[in-house]
Amino acid sequence: MDDRELDLTEAQKVVKAKYPPINKKYEYLDHTADVQIHSWGNTLEEAFEQCAMGMFGYMTDTETVQPTDTVDVDSEGHDMESLLFHFLDDWLFKFSADLFFVPREIKVTHIDRMQFKIRSIGWGEEFCLDKHPQGTEVKAITYSAMQIHDKEKSEIFAIVDI
């Protein structure tokens with residue numbers, strides 16, 4: 001939600017107080033019509049995790065989510081950019097078309113950089129307007145200006161269509 005203030009209900013405040021704060025390693029960069037997520041981590045896996053959480057963080061306050069359910073997501077591509085695209089798209093599908101699942105945390109358990117496959121798990125619950133503040137809908141993932149830097153500090157830049 002990038003410093004956007006939301007009026008939280010008492011139930012949302014209780015959930016936020018019950019769990020430790022989320023360590024956010026992402027930010028939203030200005031873009032003409034969409035949202036650019038810049039994420040980073042000590043590993044490429046962490047940068048992927050943070051990019052997905054940045055996407056969900058734009059849709060709701062993820063700190064109001066209780067980690068009561070788990071969802072596994074396996075994605076594949078033909079290069080690293082398509083792997084990132086499908087990873088984000090598969091997580092977006094779990095939210096918008098499949099389970100209405102919103103994670104509090106996503107963990108990448110494995111990236112195969114030769115076969116371009118990724119395995120991840122998310123802890124969260126079904127999105128419910130009574131429990132989670134509504135942010136901005138993410139309609140699609142794009143390849144526009146996508147960047148993956150895997151140096152001493154892994155960084156990702158991804159634009160999502162809102």
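Residues numbered from 1 in each chain as written. Predicted model: local features only at pLDDT ≥ 70, side-chain atom pairs only at ≥ 80, totals over all residues. Heavy atoms only, no water.

When you line up the elements, His 110 lands in strand β4 (residues 101-112). With a relative accessible area of 47%, His 110 lands in the partly exposed category. Separated by 50 residues in the primary sequence, His 110 and Thr 60 have C-alpha atoms spaced 27 Å apart. With residues up to four places along the chain from it excluded, the contact list for His 110 reads Lys 117, Ile 118 and Arg 119. (Helix = DSSP H or I, 4+ residues; strand = E, 2+ residues; numbered from the N terminus. Buried < 20%, exposed > 50% of the residue type's maximum accessible area, 1.4 Å probe, protein only. Contact = heavy atoms within 4.5 Å.)

Looking at soluble globular proteins, one finds that nonpolar side chains tend to be buried together. Ranked by size, the top nonpolar core spans 41 residues in total, and within it Phe 48, Met 55, Leu 84, Phe 87 and Trp 91 carry the most contacts. Counting residues per element, the ones that place at least two in this core are β1 (26-29), β2 (35-41), α2 (44-59), β3 (69-76), α3 (80-98), β4 and β8 (154-161). When sequence neighbours within four positions are dropped, the list of residues in contact with Phe 48 reads Met 80, Leu 83, Leu 84, Phe 87, Val 108, Ile 111, Ile 118, Ile 148 and Ile 156. (Core = buried A, V, L, I, M, F, W, Y, C linked by side-chain atoms within 4.5 Å.)

What follows covers the UniProt feature "domain: Archease" (unreviewed entry) in the protein. According to UniProt, the feature "domain: Archease" (unreviewed entry) maps to residues 26-162 in the numbering used here. Along residues 26-162 the backbone is 26% helical and 40% strand, and the end-to-end C-alpha distance reaches 18 Å. (UniProt positions renumbered as here; feature names shortened; annotations may be inferred.)

Its place among the elements puts Thr 43 in the loop between β2 and α2. We classify Thr 43 as partly exposed; its relative accessible area is 36%. Among the polar contacts made by the side chain of Thr 43, one reaches the main-chain amide nitrogen of Glu 46 at a distance of 3.1 Å. (Polar contact = N/O pair within 3.5 Å; in protein donor to acceptor, adjacent residues only side chain to side chain.)

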